[in-house]
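Observations on the model geometry
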Amino acid sequence: MKVLIVGAGIAGVSLALALRKANIDFQLFERAPALEPIGAGIQLSPNATRVLEYLGVLDALLPRIVRPGRHRFVDWSSGEPMLVTPLGAAVHEAFGSPYAHAHRADLLAALESALGTGANIAMGAEVTSVGQDDQGVWVEVNGAELRGDVLIAADGVRSQIRESLFLPEAPRASGCMAWRGLTPANDIADLGFERDSYIWMGPGRSVVIYYVAGGTLLNWIGIGPADGETEESWTTQGSVSQALAEFEGWHPMVRGLIERSAPPFKWALFDREPLGRWVQGRIALIGDAAHAMLPYHAQGAAQSLEDAWVLARALERAPSPEDGLRHYEALRLPRTRQVQEASRAAERLFHLEDSDEVARRNARFARAQASMGEGFPPGQEWLFAYDAEKAVCGTDEAWQSLAWRN
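So, a few notes on the structure that sits alongside this text. (Residues numbered from 1 in each chain as written. Predicted model: local features only at pLDDT ≥ 70, side-chain atom pairs only at ≥ 80, totals over all residues. Heavy atoms only, no water.)

1. Let's talk about the overall build of the protein
Basically, it comes down to this: Helix and strand labels come from DSSP, where a helix needs a run of H or I of at least four residues and a strand needs a run of E of at least two; each type is numbered from the N terminus. Radius of gyration here uses only the C-alpha atoms, and the compact-globule reference equals 2.2 Å multiplied by the residue count raised to the power 0.38. Any two residues whose heavy atoms approach within 4.5 Å are treated as being in contact. Surface accessibility in these figures is a Shrake-Rupley result with a 1.4 Å probe; residues are shielded only by whichever protein chains are displayed. The convention is simple: Lys and Arg are positive, Asp and Glu are negative, and His and the chain ends are not counted. Lys charges are placed at NZ, Arg charges at CZ, Asp charges at CG and Glu charges at CD.
Looking only at helices and strands, one finds 15 helices and 19 strands in the protein. Since a compact globule built from 406 residues should have a radius of gyration of about 22 Å, the 21 Å found for the protein is in line with a globular shape. Based on the C-alpha atoms only, the size of the protein along its principal axes is roughly 65 × 45 × 40 Å. When contacts within the protein are restricted to residue pairs at least 6 apart in sequence, those whose partners lie at least 24 apart make up 75%. Counting every atom, the protein has about 16300 Å² of accessible surface; 50% of that belongs to carbon and sulfur. Charge separation in the protein, taken as the distance between the mean sites of 37 positive and 51 negative side-chain charges, equals 3 Å.

Set out below in C-alpha cells:
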C-alpha cells in the first residue's frame, strides 16, 4: 500500500511518522519550499503527548516543554481565581502521560527531525488536482501525475481538497479575533506568573497565558471582538499599543505582560461546520482539513495527533484501504465533532458580559470546585483519557464510559 499525503503540518508529518511505524509506504507533498514553523504557544494535553510517545517524539521534545502545575480560571479585573484544576504530576499520574506547553516551532522541529529527509518527502510540491479511479488515487504535482492507493488531505484549514471533493463552504466567522504574543520570562519576573496555565475571563474578551520554550518565554493569546478587517492568517502583524487598547482596564498582570511583549500578531477566528463525512472512496481528510475548531479547549493539535495515529493503525489493521478509512472515520468523526461544538460553547462562557450571567457562571465554577476538590472536571477527563491506540484496537471501554458534561 502507498499513501499520498498532501500537507506537511502537524497532521501530515505525524501521519507520515505513524505510517512508517506501521511499515506502510507513503509520499508526503508540501508546497512550501522549506518547512518554516509559524505560530507560538501550543498546549499538549495527555491525549496528545500519548501519541507523541507512540511516535517516538516526546523524549526529544522534553527539554523544550513546560509542565504547568495548575489550570487557573481568573477574573479579568481582580485577578481572583474562580476555578483551579490540577495539572502537573496529578495529570501524569491520573492519565499516564504529561500535560505540556510547547512552542509550536519546537513541536514541529521534533516531528520533522524524527521524520528526516528522503525521496518520499517532496518540498516545493504544488498539488493542483487530485482524483481516484479503479486503479487507486492520483495527484497532479508540479505538472506530473503520481499514483498511490490512498490519498490523505492534510492541507489545513483552507483545504482545497475538502473544497473540491467534499463540502464547499465559506469559513464561519466567530465574531472574534485573537492577538498572539511572546514575552521573555526574565522581563516579567516581577509580575508574579507561576508555571501554570491561565485563562483570564472578562466582558467580551479573554486572555490565555502560559510558559513555553523550556520556560524562557511567556506566551499570551488575547481574544476580543473582531475588527472586520483582520484576516484568518497567523502572519498579520499588530502592535503592542493596539493590544493594550483592546484590553484597557484589565488587571496589571495582563497589561504588564502585553506592554513588555514583542509586537504581537493578530488573526480573525474562524472555524468550519462539522462535516458529515471525511472519506470518499480512497480519499480522506485529516486534522484541520477535517475539523477546524476554535481554540478555547486547546485541542487543535491534539486532535490532529489523534487522527494521525488512528488513521495509520486503521490502515495497517484493515483488510482493505477502504475498510481502514471507514474505520478511521467512524472512530474520529464523533469525537472531533464534540470538541468542535464544545469549543464554540466555551467562547460564550468565557466572554459573558451580563452581570447576572457572570454571577451564575461564577457560582457554577464555585460548585464545581467544591464537588471535585483536587479532581478533574468530567469534560477534562473525557478529553485527557482518550488513548488513540486503544481506540483503534477497540479496547477503550473505560474511556467509552465517560461523557462530556458541561
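The rest of the description comes next.
2. A few points about the pairing of strand β12 (residues 172–184)
Basically, it comes down to this: Any two strands with at least two DSSP-identified bridges between them are counted as paired.
Across six bridges, the pairing between β12 and strand β17 (residues 265–271) is antiparallel. Bridge pairing in β17 places methionine 177 opposite alanine 268. As defined by bridge partners, β12 adjoins strand β15 (residues 217–225) across nine bridges and the pair is classed as antiparallel. The residue of β15 that forms the bridge with tryptophan 179 is glycine 222.

3. Overview of helix α2 (residues 46–55)
To be explicit about the condition: Exposure classes here rest on a 1.4 Å probe applied to the protein chains alone. A residue is buried below 20% of its type maximum, exposed above 50%, and partly exposed in between.
Within α2, eight of the 10 residues are buried, which leaves it mostly tucked inside the rest of the structure. Every buried residue of α2 is listed here: Pro46, Asn47, Ala48, Thr49, Arg50, Val51, Leu52 and Leu55.

4. Some thoughts on the sheet that holds strand β14 (residues 205–212)
Heads up, the rule is: Fitted lines through C-alpha atoms serve as axes, helices being fitted only where they are in contact, and the angles separating the N-to-C directions of these axes extend from 0 to 180 degrees.
Taken in spatial order, the eight strands of this open sheet run β5-β4-β13-β14-β15-β12-β17-β16, and their pairing is mixed. On the outer flanks of this sheet lie β5 (81–86) and β16 (236–237), each paired with one strand and no other. Bridge analysis of strand β4 (residues 70–75) against strand β13 (residues 197–202) gives five bridges, and the strand direction is parallel. Note that in β13 the partner of histidine 71 across the bridge is serine 197. Contacts from helix α11 (residues 321–350) reach β4, β12, β13, β14 and β17 within the one sheet, and its direction differs from that of β13 by about 60°.

5. Quick word on the sheet that holds strand β18 (residues 279–280)
The strand order across the open sheet formed by six strands is β7-β2-β1-β11-β19-β18, and the pairing between neighbours is mixed. On the outer flanks of this sheet lie β7 (121–123) and β18, each paired with one strand and no other. In this structure, β18 lies alongside strand β19 (residues 283–285), joined through two bridges in antiparallel fashion. By the bridge assignment for β19, valine 279 is matched with alanine 284.

6. Thoughts on the nonpolar core
Put simply, the rule is: Only buried Ala, Val, Leu, Ile, Met, Phe, Trp, Tyr and Cys residues count toward a nonpolar core, and they belong to the same one when joined by side-chain atoms within 4.5 Å.
Counting 86 residues, the largest nonpolar core has Leu44 and Leu111 as the members making the most contacts within it. Top contributing element to this core by residue count: helix α10 (residues 300–317), with 10 residues. When near neighbours in sequence (up to four residues on either side) are disregarded, leucine 111 contacts Ile10, Val13, Ser14, Leu17, Leu52, Leu55 and Val57. Membership of the second largest hydrophobic core comes to 24 residues, among which are Leu191, Tyr211, Val240 and Leu244.

7. A word on the side chain of glutamate 329
Spelled out, the test is: For salt bridges, the criterion is a side-chain nitrogen of Lys or Arg within 4 Å of an Asp or Glu carboxyl oxygen.
Counting through the fold element by element, glutamate 329 comes out in helix α11. Within the buried core, glutamate 329 has no salt-bridge partner, and the shortest N-O distance to an opposite charge, that of arginine 277, equals 6.7 Å. Those residues in contact with glutamate 329 that sit more than four places away from it in its chain are Arg277, Trp278, Val279 and Pro334.

8. Section: the packing of aromatic side chains
So the rule is basically this: When the centres of two rings from Phe, Tyr and Trp lie within 6.5 Å, Trp using its six-membered ring, the rings pair. Their planes under 30 degrees apart give stacked, over 60 give edge-to-face, and anything left gives tilted. For a ring to carry a charge above it, either NZ of a lysine or CZ of an arginine must fall within 6 Å of the ring centroid while also lying within 35 degrees of the normal to the ring plane.
As enumerated under the stated definition, the model contains 14 aromatic pairs in all. Between phenylalanine 95 and phenylalanine 384, the aromatic rings sit 5.6 Å apart at their centres with planes inclined by 85°, giving edge-to-face as the arrangement. A residue pair is termed long-range when its members are at least 10 positions apart, and phenylalanine 95 in helix α4 (residues 88–95) and phenylalanine 384 in helix α13 (residues 378–384) qualify at 289 residues. According to the relative accessible area criterion, phenylalanine 384 is buried, its value standing at 4%. Relative to tryptophan 250, the ring of phenylalanine 247 has its centre 5.2 Å away and its plane inclined at 90°; by these criteria the two rings are edge-to-face. Like tryptophan 250, phenylalanine 247 is buried. Through a chain of ring-to-ring contacts, three or more aromatic side chains come together here, namely Phe73, Tyr296, Phe350 and Phe365. Taking NZ or CZ as reference, arginine 335 lies 4.7 Å from the ring centre of tryptophan 382, over its face.

9. Let's talk about the pattern of salt bridges
As enumerated under the stated definition, the model contains 21 salt bridges in all. Note that aspartate 190 and arginine 260 form a salt bridge whose closest N and O atoms lie 2.7 Å from each other. Here arginine 260 lies in the loop between α8 (252–259) and β17 and aspartate 190 lies in the loop between β12 and β13, a separation of 70 residues in the sequence. A relative accessible area of 56% means that aspartate 190 is categorised as exposed. A relative accessible area of 31% places arginine 260 in the partly exposed class. Salt-bridge contacts for arginine 344 lead to glutamate 273; the nearest nitrogen and oxygen are separated by 3.3 Å. Of the two residues, arginine 344 is situated in helix α11 and glutamate 273 in the loop between β17 and β18; the sequence distance between them amounts to 71 residues. The partly exposed category is assigned to arginine 344, whose relative accessible area is 23%.

10. Points about α11
Rules: By this rule, a helix spans an expected 1.5 Å times one less than how many residues it contains. A residue's bend is given by the angle between axes fitted to the 7 residues ending at it and the 7 residues starting at it.
Here α11 is 30 residues long and its end C-alpha atoms lie 42 Å apart, about the 44 Å a rise of 1.5 Å per residue gives. Its maximal kink placed at arginine 332, α11 deviates by approximately 30°, while the proline proline 334 follows within four residues.

11. Looking at the packing of helix α1 (residues 10–21) against helix α5 (residues 104–115)
Formally: What sets the label is the angle itself: under 35 degrees gives roughly parallel, over 145 gives roughly antiparallel, 65 to 115 gives roughly perpendicular, and the rest give oblique. Each crossing gets its handedness from the near helix: less than a right angle anticlockwise from the far helix is left-handed, clockwise is right-handed. Residues were grouped as follows: Ala, Val, Leu, Ile, Met, Phe, Trp, Tyr, Cys and Pro as nonpolar; Asp, Glu, Lys and Arg as charged; and all remaining residues, including Gly, as polar.
One can describe the packing of α1 onto α5 by two numbers: an axis separation of 10 Å at closest approach and a directional angle of 30°. Regarding the angle of α1 to α5, the classification is roughly parallel. In this structure, the crossing between α1 and α5 has a hand that is left-handed. Together, Ile10, Val13, Ser14, Ala16, Leu17 and Arg20 of α1 and Arg104, Leu107, Leu108, Leu111, Glu112, Ala114 and Leu115 of α5 make up the contact between the two elements. Residue classes in the contact of α1 with α5 are distributed as nine nonpolar, one polar and three charged.

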